[in-house]
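# Structural description and commentary
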Amino acid sequence: MKSRILALLFLLTLVAPAAAFAPFTIKDIRLEGLQRTEAGTVFSYLPVKVGDSMDDDKADACIHALFSTGFFRNVTLARDGNVLVIKVQERPTIAGVEINGVSDSSVYSKKQLRETMKYVGLAQGRIFDRGALQKATQMLKNQYTRLGKFGVEVTSVVTPLSRNRVSVVFNVVEGG
């Protein structure tokens, strides 16, 4: 029951207006919270520019456009006079991907397994996505089961690091 209520609240946040904006003409746009993403990149995704009129519908469009880039885990809009303030929290980047438990005599090399992870978007320097982590885990399991290794166990550990980065470690128990 509690999970259903949380899911409903989450869905309501997706369809609720981004902010209650009394319409105003944008005189400037200020970005806050950028660490790696270039301001020009953010501006290229925005559906508004200086001189446009801002209202609730355009605020929703801005938030949707920025979330759909996959760069941010949080986006909020505010107004400071006639300045549109966009506050973002970037998603972390992957500092490294390690694979433990794969022996030299394994049917797959660590290099082959890393290539599999790149295929789903999990590689050093890329933006971390929990969905990609789940896909990579499942792909690793599938590769082993295709060769008859049904006892394989794959777990992952994500460790937050400084400068908004994460380390990803896969622990593989190949089984019989």
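Up top you'll find the structure we're talking about.
None of these values were measured; they are calculated from a predicted model.

## Focus on the sheet that holds strand β6 (residues 93-100)
- Across the sheet, which stays open at both edges, the three strands sit in the order β6-β8-β7 with mixed pairing between neighbours. With partners counted over all chains shown, the strands left at the sheet margins are β6 and β7 (153-161), one partner each. Averaged over all neighbouring strand pairs, the angle between strand axes comes to 15°, with direction disregarded.
- Note: β7 against strand β8 (residues 165-173), nine bridges, orientation antiparallel. Counterpart to T155 in the pairing with β8 is N171.
- Across the sheet, helix α4 (residues 110-119) touches β6 and β8, and the angle it forms with β6 is around 140°.
- The strands touched by helix α5 (residues 130-146) are β7 and β8; relative to β7, the strand with the most contacts, the crossing angle is about 150°.

## Observations regarding the packing of α4 against α5
- The contact between α4 and α5 brings their axes to 9 Å, and the two run at 135°. Of the possible angle classes, the one that applies to α4 and α5 is oblique. By crossing handedness, the relation of α4 to α5 is classed as right-handed. The segment α4 lies against α5, with L113, T116, M117 and Y119 engaging A136, M139, L140, Q143 and Y144.
- Each residue belonging to the contact of α4 with α5 can be placed in one class, and the counts come to seven nonpolar, two polar and no charged.

## Topic: the sheet that holds strand β2 (residues 28-32)
- With mixed pairing, the three strands of this open sheet are ordered in space as β2-β5-β4. The sheet terminates laterally at β2 and β4 (72-80), the two strands that pair on one side only. Looking at each pair of strands side by side, their axes are set apart by 20° on average, direction ignored.
- Contacts from helix α3 (residues 56-68) reach β4 and β5 (83-90) within the one sheet, and its direction differs from that of β4 by about 150°.

## Remarks on the nonpolar core
- Ranked by size, the top nonpolar core spans 21 residues in total, and within it L113, M117, L122, V168 and F170 carry the most contacts.
- Contributions of two or more residues to this core are made by β6, α4, α5 and β8.
- Broken down by element, this core gets its largest block of residues, five residues, from α5.
- Every residue in contact with L122, bar those within four places of it in the chain, is listed here: I94, V97, M117, F128, D129, A132, L133, A136, V168 and F170.
- Counting residues in hydrophobic clusters, the runner-up holds 18 residues, among them F21, M54, L84 and I86.

## Brief notes about the pairing of β4
- Taken together, the eight bridges between β4 and β5 define a ladder with antiparallel strand orientation. Across the sheet, residue N74 finds its bridge partner in β5, namely Q89.
- In sequence, β4 turns back onto β5 through a hairpin of two residues, with G81 there showing a positive phi of about 70°.

## Some thoughts on α3
- Taking 1.5 Å per residue as the helical rise, α3 with its 13 residues ought to reach 18 Å, and the 18 Å between its terminal C-alpha atoms agrees with that figure.
- Here α3 has its buried residues at A59, C62, I63, A65 and L66. Axial view of α3: buried residues confined to an arc of 165°, hence all on one face. For α3, the exposed residues lying more than 90 degrees away from the buried face are D57, H64 and S68.
- You can read the cap of α3 off the contacts: a side-chain oxygen lies 3.2 Å from the backbone nitrogen of D57, and it is on D55.
- Just past α3, the residue G70 takes up positive phi, approximately 85°.

About the cut-offs
Residues numbered from 1 in each chain as written. Predicted model: local features only at pLDDT ≥ 70, side-chain atom pairs only at ≥ 80, totals over all residues. Heavy atoms only, no water. Pairing = 2+ DSSP bridges. Helix = DSSP H or I, 4+ residues; strand = E, 2+ residues; numbered from the N terminus. Axes fitted to C-alpha atoms, helices over the stretch in contact; angles between N-to-C directions. Contact = heavy atoms within 4.5 Å. Parallel < 35°, antiparallel > 145°, perpendicular 65-115°, else oblique. Left-handed = near helix turned anticlockwise from the far one by under 90°. Nonpolar A, V, L, I, M, F, W, Y, C, P; charged D, E, K, R; others polar. Core = buried A, V, L, I, M, F, W, Y, C linked by side-chain atoms within 4.5 Å. Buried < 20%, exposed > 50% of the residue type's maximum accessible area, 1.4 Å probe, protein only. Expected span 1.5 Å × (residues − 1). Arc of directions from axis to C-beta. Polar contact = N/O pair within 3.5 Å; in protein donor to acceptor, adjacent residues only side chain to side chain.

Nothing here speaks to function; it is geometry throughout.
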